[in-house]
Amino acid sequence: MSGETTRQELFQYVIRLGDNALINGQRLAEWCGRGPFVEEDIAMTNIALDLVGRARMLLTYAGEVEGAGRTEDDLAYFRNEREFRNFQIMELPVGDFAFTTARQFFVDAYDYFYYRALQHSVDSTLAGIAAKTLKECEYHLRHSAEWMLRLGDGTEQSHAKISTAVAELMPFTYELFDADGIDRAMQANQIGVDLNTVEALWNEKVNNVLDEATLERPELKYTRSGGRQGLHSEHIGYLLAEMQSLQRAMPGQDW
Amino acid sequence: MPDKIGRLPLWEVFIRGKRGLDHKHAGSIHAADGEQALQYARDPYPRRNEGCSIWVVKSADIIASQFEDNDSLFDPAIDKMIYRHPTFYDVPEDLKL
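Here's what I pulled together on the structure shown here. Just so it is clear, the structure is predicted and the values come from calculations on it, not from any experiment.

### A short note on the overall build of chain A
Next, step 1: What chain A contains, in helices and strands, is 10 helices and 0 strands.
Next, step 2: For 255 residues, the compact-globule formula gives about 18 Å, and the C-alpha radius of gyration of chain A, at 18 Å, lands near that figure.
Next, step 3: Across its three principal axes, chain A shows a C-alpha extent of roughly 55 × 45 × 35 Å.
Next, step 4: Here chain A holds 255 residues, and 42% of them are scored as buried.
Next, step 5: Considering only residue pairs separated by 6 or more positions, chain A has 76% of its internal contacts joining residues 24 or more positions apart.

Given below as structure tokens:
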């Protein structure tokens, strides 16, 4: 494998991680000022802030790997839908509180096991980012898992809402583990992680929490995938329009 | 359980800034139970690197003295315990307290 191939693959690998954090953070931030009560509003907004902070580190590093002089802002604000490489589960509309909770729980559990493994990457920048991120992931997972139990094992209404959310989101979790050539190449050179291991740990955690929350894990009747290759749902365009409008109207604007 | 207007129970938050110091009252928050109160206390109160321990206690569990009892609770102490605080020393002006 030539050095150039490796560099482009590493760029793709890092930008996927960065985009997942950025798009999830942008979506979660929609709760800012709209949370069910002020304490939860602050908690969700803080988590969104952690995700955007993680995206900044990863996109900055992606820009360095690419070597074309693009900054974190260039990558966040001046790419179009097809150039974003986040999983589709991140871009789905914010939905109700149950939907947000279920999405965060699935993603938080994934991030926790993913970054725990990525700490051992031979790429010292990624290992460093992973170590820093892991502490946040632990708190995020504790927060969303707690809410899964509260809603699942709560009232009839909360149980119904979280059940619906889990059923709607489950097909989108398939993509988290749908490894492609870049994932396999990065795992082979010990930069990336073993997605099979992450999947086994994720399944165990998800099954335990769903079980304790008196929720059924729905069978997958269909699956969604494609974010790794830049294939998205219609929702990402609207998200980017809102997120990027200021920089598109006034490029380079700072405050 | 939420109260009549949908608020969760109130909890008082105490933060210990450093090992060896006392827990200090930091403020209060609403939460459904102790575990959630701990999680919510983490966001507004221990900023960045301060804090090594958090206590939360239900505000309703605190027994507070009443204002009208102040005379009987505190006034006798003023006469009896005048030497408790070092109020009889002249403190040099350049001494920082």
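That shown, we press on.
### Considering the packing of helix 5 (residues 97–118) of chain A against helix 6 (residues 124–152) of chain A
All names here are of chain A.
Next, step 1: Between helix 5 and helix 6, the least distance of the axes is 7 Å, while the angle of their chain directions is 145 degrees. Judged by the sense of rotation from one axis to the other, the crossing of helix 5 with helix 6 is left-handed.
Next, step 2: Residue classes in the contact of helix 5 with helix 6 are distributed as 16 nonpolar, 5 polar and 4 charged.

### As for the interface of chain B and chain A
Next, step 1: Chain B puts 10 residues into the contact, and the matching count from chain A is 7 residues.
Next, step 2: At the level of secondary structure, the elements contributing two or more residues to the side of chain B that touches chain A comprise strand 2 (23–30) and helix 1 (34–42) of chain B.
Next, step 3: Ranked by the residues each element gives to the side of chain B that touches chain A, the list is headed by helix 1 of chain B, at 4 residues.

### Observations concerning the environment of A:L201
Next, step 1: Relative to the assigned elements, A:L201 resides in helix 9 (residues 195–212).
Next, step 2: Residues A:L201 and A:Y110, 91 residues apart in the sequence, show an inter-C-alpha distance of 8.7 Å.

### Focus on the packing of helix 1 (residues 3–28) of chain A against helix 8 (residues 181–188) of chain A
Residues and elements named next belong to chain A.
Next, step 1: Remark: helix 1 packs on helix 8, axes separated minimally by 10 Å, with the N-to-C direction vectors making an angle of 110 degrees. Between helix 1 and helix 8, the angle falls in the class roughly perpendicular. Here helix 1 contributes E9, Q12 and Y13 to the contact with helix 8, which in turn contributes I182, A185 and M186.

### Digging into the sheet that holds strand 3 (residues 53–58) of chain B
All names here are of chain B.
Next, step 1: Taken in spatial order, the 3 strands make up an open sheet running 2-1-3, and their pairing is antiparallel. For this open sheet the edge positions go to strand 2 and strand 3, each flanked by a neighbour on one side alone. Ignoring strand direction, the axes of neighbouring strands in this sheet form an average angle of 25 degrees.
Next, step 2: Direction of pairing for strand 1 (residues 10–16) relative to strand 2: antiparallel, over a ladder of 7 bridges. Across the sheet, residue L10 finds its bridge partner in strand 2, namely H30.

### Brief notes about helix 5 of chain A
At 3.6 residues per turn, the α-helix brings residues three or four places apart onto the same side.
Next, step 1: For helix 5 of chain A, built from 22 residues, the straight-helix expectation of 32 Å at 1.5 Å per residue is met to within 8% by its first-to-last C-alpha distance of 30 Å.
Next, step 2: Among the 22 residues that make up helix 5 of chain A, 19 are buried, leaving the element largely enclosed by the rest of the structure.

### Comments concerning unusual backbone geometry
All names here are of chain A.
Next, step 1: Although it is not a glycine, Q190 sits at a positive phi angle of roughly 65 degrees.
Next, step 2: Mapping Q190 onto the fold places it in the loop between helix 8 and helix 9.
Next, step 3: Its identity is not glycine, yet T214 carries a phi of approximately 55 degrees, on the positive side.
Next, step 4: Position of T214 relative to the elements: it lies in the loop between helix 9 and helix 10 (235–249).
Next, step 5: Of the residues examined, T214 has 13 C-beta atoms within 10 Å and is grouped as partly exposed.

### Looking at the nonpolar core
All names here are of chain A.
Next, step 1: In this structure, V14, L58, A62, F106, A109, Y110 and I162 are the most contacted members of the largest nonpolar core, which totals 77 residues.
Next, step 2: If you tally residues by element for this core, the top one is helix 5, at 13 residues.
Next, step 3: Leaving out residues up to four positions away in the same chain, F106 has contacts with I89, L169, T173 and V206.

### A word on the environment of A:D183
All names here are of chain A.
Next, step 1: Residue position: D183 is located in helix 8.
Next, step 2: Among the residues examined, D183 registers 20 C-beta atoms within 10 Å and is labelled buried.
Next, step 3: Sequence separation between D183 and V193 is 10 residues; the distance between their C-alpha atoms is 7.9 Å.
Next, step 4: Each residue touching D183, except ones within four places of it in the same chain, is listed here: G192 and L195.

### As for helix 2 (residues 38–66) of chain A
Next, step 1: Between its first and last C-alpha atoms helix 2 of chain A spans 41 Å; for 29 residues at 1.5 Å apiece the expected length is 42 Å, and the two agree.
Next, step 2: Directly after helix 2 of chain A, the chain includes A:G67, whose backbone phi takes a positive value near 75 degrees.

Cut-offs and rules
- Residues numbered from 1 in each chain as written.
- Chains lettered and ligands numbered in written order.
- Predicted model: local features only at pLDDT ≥ 70, side-chain atom pairs only at ≥ 80, totals over all residues.
- Helix = DSSP H or I, 4+ residues; strand = E, 2+ residues; numbered from the N terminus.
- Rg over C-alpha atoms; globule rule 2.2 N^0.38 Å.
- Buried ≥ 20, exposed ≤ 12 C-beta atoms within 10 Å, placed from the backbone.
- Contact = placed C-beta atoms within 7 Å.
- Axes fitted to C-alpha atoms, helices over the stretch in contact; angles between N-to-C directions.
- Left-handed = near helix turned anticlockwise from the far one by under 90°.
- Nonpolar A, V, L, I, M, F, W, Y, C, P; charged D, E, K, R; others polar.
- Parallel < 35°, antiparallel > 145°, perpendicular 65-115°, else oblique.
- Pairing = 2+ DSSP bridges.
- Expected span 1.5 Å × (residues − 1).
- Core = buried A, V, L, I, M, F, W, Y, C linked by C-beta atoms within 7 Å.

In short, geometric facts, not functional conclusions.
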